[in-house]
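# Understanding the architecture of this molecule
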Amino acid sequence: MKNQLFRKKSVSQILSDSATHGSGLAKVLGVRDLVSLGIAAIVGAGIFSTIGLAAFNGGPAVSLLFVFVAFACVFTALSYAQFASTVPVSGSAYTYAYVAFGELFAWIIGWALVLEYAVSNMVVAISWSQYFVSMCEGFGLHIPKWLTMAPGYALDAHEKMLEVGSANLAGMDRIAIQAYETAPRIGDIPVIFDLPAGLITVLVTWLVYIGIKESQRASNIMVVIKIGIILAVILGGAFFVKPENWTPFAPNGLGGVLSGVAAVFFAFIGFDSISTTAEECKNPQRDLPKAMIYCLVICAVLYVAITLVLTGMVHYTELNVKDPLAYVFEYVGFDYMAGIISVTSVIAITSALLVFQLAQPRIWMTMSRDGLLWKKFATIHPKYKTPSFATIVTGIVVAVPALFFKMDFFVDLTSVGTFFAFILVCGGVLYMDKTGLSKQSKFRVPYMNGKYLVGLGFILGLVLMYIYGQDSLAEWKTLGTKEVILHKSLVLVFWGTWLVLSILSFKHSFSLLPVTGILVNLYLMSELGTSNWLIFVVWLLIGLGIYFMYGYKHSRLRE
């Protein structure tokens, strides 16, 4: 059984399967289209909403966190690019894990990618709804409050009102209590849901369903608008920057900066979605690597610039808002610009929703071809040339939770699954180098011998921890809550992994860049909330249950 769990697919076998089963997809995408899709995915709800919370927690220094996360993503993007040039089929990290680590790991990654795409799209849909409601109010159209939010917000506000009184409620709580009081009821239960989030998901799913070409055209138009907004914010906002707002640069220290890891990383989630369109590229082995690197560099520069402008225009303590780009211009009295941003942000966030809805069905389609999911998921529409059944299921999976759940619940959870996928892709490149598979790659991660450097880095890291990490070391003496214990356990996993990689790098002369990608992603992963880790573990256990009940028995490799 062990050999069957870790059975691998060869590159030639995957390419053969793709030629046999994947010929129904339309090959229409070039480099420009891929870069457009990548920017559409990366520059989404992260820069339009979660960037405000990250700046509120970390101050202007959060711009450095964007640099650090972009640094991590560069190593990962190079690894993705090598796999994409070697195995140019849909499936993203799922397919790459099948080649490098075998079927069980491939399933785990495929299941984790459901978190990345489906769950992150719930965040994007909810964020879109917030901007849409604000835009409508700007035009004098007032949607009933009970149709514009998750019931959790209203119930929390009601409990808070019972404690402190309605006169002491402010901001979101005041809106939420209005929803609670005006909502129709079934018995004593108020009927509250986020209708705009559900509707936009249905509309985007329909667009993805009717064709890749239509999706590509819509994405290209929306990306032009999106980049225009961001450049307008950077160039226009530069005139309102007050350098004193950058002091103190890191008001809450390193801990405050790192508390924004999930929000900042969420802003970068999406560049790997380009790899899911491999079978719809004109020349995937040439174009996919270029597109991944181009869009990551472009987006990293934009993120750092816009963070510095936002924290320069407004003191960081004012940025804990759902629409920071529009808010800063309202704050400085430039209401006309704020109105333009509110309207165009609705279009911009839609493009991110579209790309994620495009990516998820193609992963399910690939898993179905391999026999790990029901055959229906591999169905290609005869007219529209898209994975029709998988697209419909994706729409339902995203739309229903977006109607009823709070956005905060999803942000951190999305990042856990993505970090996990990124680590395995970087590790997969080390496997390809060791086994000689890299010789088949038309693009390769630049080789830097890590024989001694990984181990020296480990020693240097321990020294720096001893010198500058006394506060963190002191926490070990006062381990109290389960959350602190679990966090420290994750830190031990990070240092243990670094030690193992130091030994293996010395023994096998591992390439430094993929090793760095593994370590940086693992470190960022260890900084996420422990509750999200627990939910992620439960999610994986559910996935393993499905695999052993269906996928293991129906795997095409087993046959």
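Coordinates for the structure precede this section.
Notes on the structure follow. (Residues numbered from 1 in each chain as written. Predicted model: local features only at pLDDT ≥ 70, side-chain atom pairs only at ≥ 80, totals over all residues. Heavy atoms only, no water.)

Counting its secondary structure elements, the protein chain contains 23 helices and 2 strands. Partitioning the contacts of the protein chain with sequence separation of at least 6, the portion at a separation of at least 24 is 84%. If you sum the accessible surface of the protein chain, you get close to 22800 Å²; carbon and sulfur atoms cover 68% of it. (Helix = DSSP H or I, 4+ residues; strand = E, 2+ residues; numbered from the N terminus. Contact = heavy atoms within 4.5 Å. Areas by Shrake-Rupley, 256 points an atom, 1.4 Å probe, with all protein chains shown as cover.)

Here we take up unusual backbone geometry. With an omega of -5°, the peptide bond between threonine 247 and proline 248 qualifies as cis. Although it is not a glycine, serine 509 adopts a positive phi angle of roughly 55°. In this fold, serine 509 is placed in the loop between helix 21 (482-508) and helix 22 (512-526). According to the relative accessible area criterion, serine 509 is partly exposed, its value standing at 23%. (Buried < 20%, exposed > 50% of the residue type's maximum accessible area, 1.4 Å probe, protein only.)

Right, let's talk about helix 10 (residues 195-210) for a bit. Between its first and last C-alpha, helix 10 extends 23 Å over 16 residues, near the 22 Å set by a 1.5 Å rise per residue. Buried within helix 10 we find Pro196, Ala197, Gly198, Ile200, Thr201, Val204, Thr205, Leu207, Val208 and Ile210. (Expected span 1.5 Å × (residues − 1).)

Inspection of the secondary structure puts tyrosine 303 in helix 14 (residues 284-313). Take tyrosine 303: its relative accessible area is 0%, and that puts it in the buried class. Linking tyrosine 303 and serine 63, residues 240 residues apart in sequence, is a C-alpha distance of 7.8 Å.

Another point: the packing of aromatic side chains. Scanning all chains against the criterion turns up 22 aromatic pairs. Ring centres 4.6 Å apart and planes at 15° place the aromatic pair tryptophan 111 and tryptophan 539 in the stacked group. Residue tryptophan 111 is found in helix 7 (residues 103-138), and its partner tryptophan 539 is found in helix 23 (residues 530-554); the two are separated by 428 residues along the sequence. Judged by relative accessible area, which is 12%, tryptophan 111 ranks as buried. A relative accessible area of 23% places tryptophan 539 in the partly exposed class. Judged by centre distance (6.4 Å) and plane angle (40°), the rings of tryptophan 374 and phenylalanine 377 are tilted. (Phe/Tyr/Trp six-rings, centres within 6.5 Å; stacked < 30°, edge-to-face > 60°.)

This brings us to the side chain of serine 368. Tracing the backbone through its elements, the reader meets serine 368 in helix 16 (residues 335-369). Not counting chain neighbours up to four residues away, the residues in contact with serine 368 comprise Leu373, Trp374, Lys375, Lys376, Phe377 and Ala378.

This part takes up the packing of helix 3 (residues 31-42) against helix 16. The interhelical angle for the contact between helix 3 and helix 16, taken along N-to-C directions, is 110°, at an axis separation of 7 Å. Here helix 3 lies roughly perpendicular to helix 16, going by the angle between them. Judged by the sense of rotation from one axis to the other, the crossing of helix 3 with helix 16 is left-handed. Of the residues in helix 16, those touching helix 3 at Leu37, Ala40 and Ala41 are Ser351, Ala352, Val355, Phe356 and Leu358. Taken together, the residues that form the contact of helix 3 with helix 16 break down as 7 nonpolar, 1 polar and no charged. (Axes fitted to C-alpha atoms, helices over the stretch in contact; angles between N-to-C directions. Parallel < 35°, antiparallel > 145°, perpendicular 65-115°, else oblique. Left-handed = near helix turned anticlockwise from the far one by under 90°. Nonpolar A, V, L, I, M, F, W, Y, C, P; charged D, E, K, R; others polar.)

By secondary structure assignment, the location of cysteine 73 is in helix 5 (residues 62-86). For cysteine 73, a relative accessible area of 0% corresponds to the buried category. Placed 444 residues apart in sequence, cysteine 73 and glycine 517 show a C-alpha to C-alpha distance of 7.6 Å.

Fair warning: the whole summary comes from geometry, so function is off the table for now.
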